[in-house]
Amino acid sequence: MVRLTINGAVREIDAEPDTPLLWVIREQAGLTGTKYGCGVGQCGACTVHIDGAPVRACTLTLSALKPEQKIVTIEGLSADSSHPMQKAWAALDVPQCGYCQSGMIMSAVALLQKTPKPSDADIDREVTNICRCGTYNRVRAAIKLAADGGGDASRT
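Calculation notes
Residues numbered from 1 in each chain as written. Predicted model: local features only at pLDDT ≥ 70, side-chain atom pairs only at ≥ 80, totals over all residues. Heavy atoms only, no water. Core = buried A, V, L, I, M, F, W, Y, C linked by side-chain atoms within 4.5 Å. Buried < 20%, exposed > 50% of the residue type's maximum accessible area, 1.4 Å probe, protein only. Helix = DSSP H or I, 4+ residues; strand = E, 2+ residues; numbered from the N terminus. Contact = heavy atoms within 4.5 Å. Polar contact = N/O pair within 3.5 Å; in protein donor to acceptor, adjacent residues only side chain to side chain. Patch = residues over 30% accessible without salt bridge, like charges linked within 9 Å, V, L, I, M, F, W, Y side chains within 5 Å. Areas by Shrake-Rupley, 256 points an atom, 1.4 Å probe, with all protein chains shown as cover. Salt bridge = Lys/Arg side-chain N within 4 Å of Asp/Glu carboxyl O. Axes fitted to C-alpha atoms, helices over the stretch in contact; angles between N-to-C directions. Parallel < 35°, antiparallel > 145°, perpendicular 65-115°, else oblique. Left-handed = near helix turned anticlockwise from the far one by under 90°. Nonpolar A, V, L, I, M, F, W, Y, C, P; charged D, E, K, R; others polar.

### Quick look at the nonpolar core
One finds Met85, Trp89, Met104, Ile105 and Ile143 to be the most contacted residues of the largest nonpolar core, which totals 23 residues. Of all elements in the fold, only α2 (74–77), α3 (84–91), α4 (101–114) and α6 (136–148) reach the threshold of two or more residues within this core. It is α4 that provides the largest number of residues to this core, a total of seven residues. Sequence-distant contacts of Trp89, that is, excluding residues within four places in its chain, are made with Val94, Pro95, Gln101, Met104, Ile105, Ala108, Val139, Ala142 and Ile143. If you look at the next biggest cluster of nonpolar residues, it comprises 19 residues, including Leu4, Leu22, Ile25 and Leu65.

Here it is as structure tokens:
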């Protein structure tokens, strides 16, 4: 039995130590906003925050986590999509198919926590998620909108 704090709620998880965090989030916690993409940590669809840092949940196993760490998924940003980054995403109609977007938003929020006014180079370096639909220009614009006028986009 493992104790995890996900989106502010302490949960007792019954899973093997080598179980990827992604499957715990989706299957045991029932939070399906975090997506499975590639399974090897490359695409970023599974990005969550652990203690504020973006992490690819498909490659992190339960054995690598400590009970005191705080995990935040896309559902934990806001209950009603009112987080400034989510608002910027909607205002600019960023998603096409939308599959990668929860991980992309989580990476973007982490970027603004670290770099409140990111340059294009900052965005390219920190938001490495893959979007098969190619919405990168809108992603960049939404990050800048959230940073410039979308309120406090760095809050979690």
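### As for the side chain of His49
Checked against the element boundaries, His49 lands in strand β3 (residues 47–50). Among the residues examined, His49 registers a relative accessible area of 1% and is labelled buried. Among the polar contacts made by the side chain of His49, one reaches the main-chain carbonyl oxygen of Met106 at a distance of 2.6 Å.

### Focus on a nonpolar patch on the surface
Taken together, the side chains of Trp23, Tyr36 and Tyr99 make up a nonpolar region of the molecular surface, amounting to roughly 290 Å² of accessible area. Note that Tyr36 resides in the loop between α1 (21–28) and β3. The exposure class assigned to Tyr36 is partly exposed, which follows from its relative accessible area of 35%.

### Considering the packing of α3 against α6
Two elements in contact, α3 and α6, have axes whose closest approach is 8 Å; the angle formed by their N-to-C orientations is 135°. Overall, the two elements α3 and α6 adopt an arrangement that is oblique. Between α3 and α6 lies a crossing whose hand is right-handed. Of the residues in α6, those in contact with Pro84, Met85, Ala88, Trp89 and Ala91 of α3 are Val139, Ala142, Ile143, Leu145 and Ala146. Among the residues forming the contact of α3 with α6, the class breakdown is 10 nonpolar, no polar and no charged.

### Some words on unusual backbone geometry
At Asn7, a position not held by glycine, the phi torsion is positive, near 55°. Residue classification places Asn7 among the partly exposed residues on the basis of a relative accessible area of 28%. In the Ramachandran plot, Asp93 falls in the positive-phi region, its phi being about 50° despite a non-glycine side chain. Relative to the helices and strands, Asp93 is located in the loop between α3 and α4.

### Points about the environment of Val127
One can find Val127 in the loop between α5 (120–126) and α6. Distance from Val127 to Asp93, taken between C-alpha atoms, is 18 Å for residues 34 residues apart in sequence. With residues near it in sequence (within four places) discarded, Val127 still touches Met104, Ser107, Ala108, Leu111 and Ile143.

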